[in-house]
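# Examination of the molecular architecture
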Amino acid sequence: MWKKFKRLFIIKTKFEAFLIVYALATGAVARGQDYLVQYPGFGGKLLFLACTGAVFMAGAKMIEAIDYHRSFGRDY
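Residues numbered from 1 in each chain as written. Predicted model: local features only at pLDDT ≥ 70, side-chain atom pairs only at ≥ 80, totals over all residues. Heavy atoms only, no water.

## Re the packing of aromatic side chains
- According to the stated counting rule, one finds 4 aromatic pairs in the structure shown.
- Summarising the aromatic geometry, the rings of tryptophan 2 and phenylalanine 5 are spaced 5.9 Å apart at their centres and angled 85° between planes, so their arrangement reads as edge-to-face. Of this pair, tryptophan 2 and phenylalanine 5 are both found in helix H1 (residues 2-7), 3 residues apart, which corresponds to roughly one turn of the helix.
- Classification of tryptophan 2 as exposed rests on a relative accessible area of 66%.
- Relative to tyrosine 39, the ring of tyrosine 35 lies with its centre 6.2 Å away and its plane at 35°, an arrangement referred to as tilted.
- Of the residues examined, tyrosine 35 reaches a relative accessible area of 19% and is grouped as buried.
- One aromatic cluster is present, built from ring pairs that chain together Trp2, Phe5 and Phe9.
- When the ring centre of tyrosine 35 is taken as origin, the NZ or CZ atom of arginine 31, which lies over that ring, is 4.4 Å away. (Phe/Tyr/Trp six-rings, centres within 6.5 Å; stacked < 30°, edge-to-face > 60°. Helix = DSSP H or I, 4+ residues; strand = E, 2+ residues; numbered from the N terminus. Buried < 20%, exposed > 50% of the residue type's maximum accessible area, 1.4 Å probe, protein only. Lys NZ or Arg CZ within 6 Å of the ring centre and 35° of its normal.)

As C-alpha cells, this is what we get:
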C-alpha cells in the first residue's frame, strides 16, 4: 500500500512536470505581483524576476531529470 502511495509523488512523465511547472509559475507570478506592490521601482521588479526565474530553473531541472532517468531505463 505504501508503494502505491509513494508513486503519487513521483513525477513520471514530462506532461506531469509541465503541470507542476505551470502551478509553480502561477504562484510565482502572484507572489511577484505582491512584491511589485510592496516594493515599487527597481527592487520590486528584481524580486519579480527572481520569483519567475526560480521556476524556470526548477522546471528545467525536472525535465532534465526525467530525460536522465529514461536514458538509464528507470521508467517509474
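Once you've had a look at it, read on.
## Some remarks on helix H2 (residues 14-38)
- An ideal rise of 1.5 Å per residue puts 36 Å on 25 residues; H2 measures up with 35 Å between its terminal C-alpha atoms.
- Where H2 is concerned, the buried positions are Ala17, Val21, Ala28, Gly32 and Tyr35.
- On its buried side, H2 packs onto helix H3 (42-71). (Expected span 1.5 Å × (residues − 1). Contact = heavy atoms within 4.5 Å.)

## Details of the pattern of salt bridges
- For the structure shown, the criterion picks out 3 salt bridges.
- As a salt-bridge pair, aspartate 34 and arginine 31 come within 3.7 Å of each other at their nearest N and O atoms. In this pair, aspartate 34 and arginine 31 both sit in helix H2, 3 residues apart, roughly one turn of the helix.
- Classification of arginine 31 as partly exposed rests on a relative accessible area of 35%.
- Taking the shortest distance from any N to any O, the salt bridge between glutamate 64 and lysine 61 comes out at 3.5 Å. (Salt bridge = Lys/Arg side-chain N within 4 Å of Asp/Glu carboxyl O.)

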